[in-house]
Amino acid sequence: MSEKIVLTGIKPTGTPHIGNYVGALKPLIEMARSNRTFMFIADLHALNIIHDAAQIRQHTYEIAALLIAMGLDLNNAVLFRQSDIVQVSQLSTMLMNVTPKGLMNRAHSYKAAMDKNMAAGLDTDAGVNMGLYTYPVLMAADILLYGTDIVPCGADQKQHVEFARDIAGYFNHIYGNVFKLPEPVIGQSTGIIPGLDGRKMSKSYDNTIPLLAPENELKKKIMRIITDSKTPDDVKDPDTSTIFQLYTHFATDDEIADFRQKLMTPGMGYGTAKTILFDKINAVLTPVRNEYERLMANPSEIDAILADGAARARAVAAQTYDRVHHAMLG
Ligand code: ADP
Ligand code: TRP
C-alpha cells in the first residue's frame with residue numbers, strides 16, 4: 001500500500017447517474033483498493049443548499065449505501081459522515097482567521113452564484129448565504145484535518161483544492177509547519193460520458209440515466225437514446241454512437257470489439273443495439289442495485305459502518321486539531 005493519503009468528499013444533494021458512476025465513483029473505489037483513503041459524505045457542505053434535515057439524511061444514506069454496494073474496501077477506506085467529526089467545524093473557524101476575504105471573492109462556487117444572479121437581473125448576492133461564501137474554508141478544513149496528500153476530484157473542484165493548499169501555506173507561514181500541502185488530481189482516464197442526447201451526461205441537461213433506477217426504468221431510458229437515422233442495413237460509426245460509447249464503460253475488451261464489428265456490419269438496427277447495451281449495463285448494475293436495496297432496508301448496518309468510520313477519522317482529526325489549537329492559542 002502506498003503511503004499517500006487520499007481524501008474525497010461527496011455532497012449528498014442528488015441522485016447519482018451513470019456519468020457520476022463511471023467518471024467519479026468507480027475510479028474512487030479503485031483508488032481505495034491500494035491507498036489509505038478518507039471518504040466522507042459532505043453533509044455540512046449540503047447545508048448551504050438544502051435546509052431540510054430529512055432530505056440530507058436520506059441522501060447521506062443513499063451515497064453511503066451505494067459506495068458500500070459498489071464494494072468499497074472498508075479496510076483501506078475510512079467512510080464517514082462529515083458532521084460526525086466536530087473538529088472539522090472547529091478547524092474551519094480557526095482557518096477563517098488566516099484566509100483572505102479576497103480569496104473567497106474569487107471562488108468559482110461563489111462567482112457562479114453571482115453570475116446567475118446578474119443574468120437574472122438580481123442583486124449579485126441574492127440568496128448567497130455565508131455557508132456558500134465560505135464553502136472553500138470548510139473544504140480546506142476537510143482536507144487539512146486528515147493529513148491529505150491527494151484529492152481526486154472533477155475539474156470543477158480543482159480551484160477549491162488549490163485554495164486549501166494556499167490556506168495551509170498561509171497558516172504554516174505564520175504558525176510553523178503544521179499542515180501538509182495537498183494536491184488535486186483530476187481524473188481524466190474515463191473521459192466524458194455522453195447522456196441520452198449525446199451531450200455530457202449531467203443533471204443540468206436533464207439527459208441522465210439514473211444509476212439505481214429499477215430495471216424497467218433503466219430500459220425505458222436506454223431506449224430513448226437519440227441516434228442518427230441510419231437503418232439496420234446501413235453501416236454505423238461506433239465512435240460517434242452514444243450507444244457504443246456507453247457500452248465501452250461496462251463491457252470487456254472482447255465484447256467491445258464484437259459490438260464494434262456488429263455496428264460496422266449491415267444487419268443490426270439501433271433498437272437491437274440498445275437492447276444489447278441495456279442487457280450489459282443491467283447485468284453489471286443488478287448486483288449493485290440488489291445490495292444497495294438490501295442496505296437501504298437495513299439502515300442500522302449503514303449506521304454501524306459510518307460510526308466505525310467516524311471513530312477512525314476522529315482519531316486522526318483530534319491529533320491535527322490539537323496541534324492547530326496549540327499553535328494558535330497555546
Ligand atoms: P452533474 O454534471 O450531473 O451535476 P456533478 O457535477 O455532480 O454532475 O458530478 C460529480 C462528479 O461526477 C464530477 O466530479 C465528475 O467527475 C463526475 N461526472 C459527472 N458527469 C460526468 C460525465 N458525464 N462524464 C464523466 N464524469 C462525470
Ligand atoms: N465540494 C465538493 C463537491 O461539491 C465536495 C467536497 C467537500 C469535497 N469537501 C471536500 C471534495 C473535500 C474533496 C475534498 O463535490
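How each quantity is defined
Residues numbered from 1 in each chain as written. Chains lettered and ligands numbered in written order. Predicted model: local features only at pLDDT ≥ 70, side-chain atom pairs only at ≥ 80, totals over all residues. Heavy atoms only, no water. Domains from an automatic or database assignment. Contact = heavy atoms within 4.5 Å. Buried area = accessible area lost by both parts, 1.4 Å probe. Salt bridge = Lys/Arg side-chain N within 4 Å of Asp/Glu carboxyl O. Polar contact = N/O pair within 3.5 Å; in protein donor to acceptor, adjacent residues only side chain to side chain. Near = heavy atom within 4 Å. Areas by Shrake-Rupley, 256 points an atom, 1.4 Å probe, with all protein chains shown as cover. Nonpolar A, V, L, I, M, F, W, Y, C, P; charged D, E, K, R; others polar. Helix = DSSP H or I, 4+ residues; strand = E, 2+ residues; numbered from the N terminus. Buried < 20%, exposed > 50% of the residue type's maximum accessible area, 1.4 Å probe, protein only. Axes fitted to C-alpha atoms, helices over the stretch in contact; angles between N-to-C directions. Parallel < 35°, antiparallel > 145°, perpendicular 65-115°, else oblique. Pairing = 2+ DSSP bridges. Phe/Tyr/Trp six-rings, centres within 6.5 Å; stacked < 30°, edge-to-face > 60°.

Novice: How would you summarise the domain arrangement of the protein if you had to cite specific residues and measurements?
Specialist: For the protein, the domain assignment lists domain 1 (2-192 + 299-329) and domain 2 (203-291). Taking the mean C-alpha position of each, domain 1 and domain 2 sit 34 Å from one another. Counting residues at the interface gives 11 residues for domain 1 and 13 residues for domain 2. Approximately 1,100 Å² of surface area, both sides summed, lies buried where domain 1 meets domain 2, with 76% of it carried by carbon and sulfur atoms. The largest contributions to the domain 1 side of the interface with domain 2 come from His17, Ile18 and Tyr21, which together make up 47% of the buried area. The tally of links between domain 1 and domain 2 comes to 0 salt bridges. Here domain 1 is connected to domain 2 by 3 residue pairs in polar contact (both at pLDDT 80 or more).

Novice: Can you explain the site of ligand 1? Please cite residues and give values.
Specialist: With respect to spatial proximity, 13 residues lie near ligand 1, and among them His17, Ile193, Met201, Ser202 and Lys203 are the closest. Between ligand 1 and Lys200, the relevant distance is 3.1 Å, taken from an oxygen atom to a side-chain nitrogen or oxygen of the residue. In isolation ligand 1 exposes 540 Å². Once the protein is present, 76% of that is buried. A breakdown of the residues in the shell around ligand 1 according to their chemical character gives 4 nonpolar, 7 polar and 2 charged.

Novice: Tell me what's going on with the pattern of salt bridges, and back it up with residues and numbers.
Specialist: Oppositely charged side chains are able to pair whenever their charged atoms sit close together. Counting across every chain of the model gives 12 salt bridges. With a closest N to O distance of 3.0 Å, Arg260 and Asp239 form a salt bridge. Linking Arg260 in helix 12 (residues 253-263) with Asp239 in the loop between helix 10 (215-223) and helix 11 (242-248), this pair joins segments that are 21 residues apart in sequence. A residue is classified by how much of its surface remains accessible, and Asp239, at 47% relative accessible area, is partly exposed. A salt bridge links Glu291 to Arg294, with the nearest nitrogen and oxygen atoms 3.0 Å apart.

Novice: A description of the packing of helix 13 (residues 270-296) against helix 14 (residues 299-329) should follow, citing residues and the corresponding values.
Specialist: Where helix 13 meets helix 14, the closest approach of the two axes is 6 Å, and the angle between their N-to-C directions is 90°. By the angle between their directions, the pair helix 13 and helix 14 is classed as roughly perpendicular. Contact with helix 13, carried on its side by Arg294, Leu295 and Met296, involves Pro299, Glu301 and Ile302 of helix 14 and no other residues of that element. Of the residues that constitute the contact of helix 13 with helix 14, the class distribution is 4 nonpolar, no polar and 2 charged.

Novice: An account of the site of ligand 2 is needed here, citing residue identities and associated values.
Specialist: In the region of ligand 2, the neighbouring residues are Leu7, Gly9, Lys11, Phe40, Ala42, His45, Tyr135, Met139, Asp142, Ile143, Val151 and Gln157. The side chain of Tyr135 places a nitrogen or oxygen atom 2.6 Å from a nitrogen atom of ligand 2. Contacts to ligand 2 include Asp142, whose side-chain N or O atom sits 2.8 Å from a nitrogen atom. In isolation ligand 2 exposes 370 Å². Once the protein is present, 90% of that is buried. Those elements that place two or more of their residues in the shell around ligand 2 are strand 1 (2-10) and helix 8 (135-145). Here the residues of the shell around ligand 2 sort into 7 nonpolar, 3 polar and 2 charged.

Novice: I'd like a rundown of the pairing of strand 3 (residues 77-81), residues and numbers included.
Specialist: Across the 5 residues of strand 3, 5 count as buried, placing the element largely inside the fold. Here 5 bridges tie strand 2 (residues 35-41) to strand 3, and the two strands are oriented parallel to one another. Looking across to strand 3, one finds that Phe40 is bridged to Phe80.

Novice: Break down the packing of aromatic side chains for me, citing the residues and quoting the values.
Specialist: Scanning all chains against the criterion turns up 9 aromatic pairs. With a centroid separation of 4.7 Å and 80° between ring planes, the pair formed by Tyr110 and Tyr133 is classed as edge-to-face. Taken together, the residues Tyr110 in helix 6 (residues 108-119) and Tyr133 in helix 7 (residues 130-133) connect sequence positions 23 residues apart. We classify Tyr110 as buried; its relative accessible area is 7%. With relative accessibility at 10%, the residue Tyr133 sits in the buried group. When the ring of Tyr247 is compared with that of Phe259, the centres are 4.3 Å apart and the planes differ by 45°; the resulting orientation is tilted. Of this pair, Tyr247 sits in helix 11 while Phe259 sits in helix 12, and the two are 12 residues apart along the sequence. With respect to class, Tyr247 is no different from Phe259; both count as buried.

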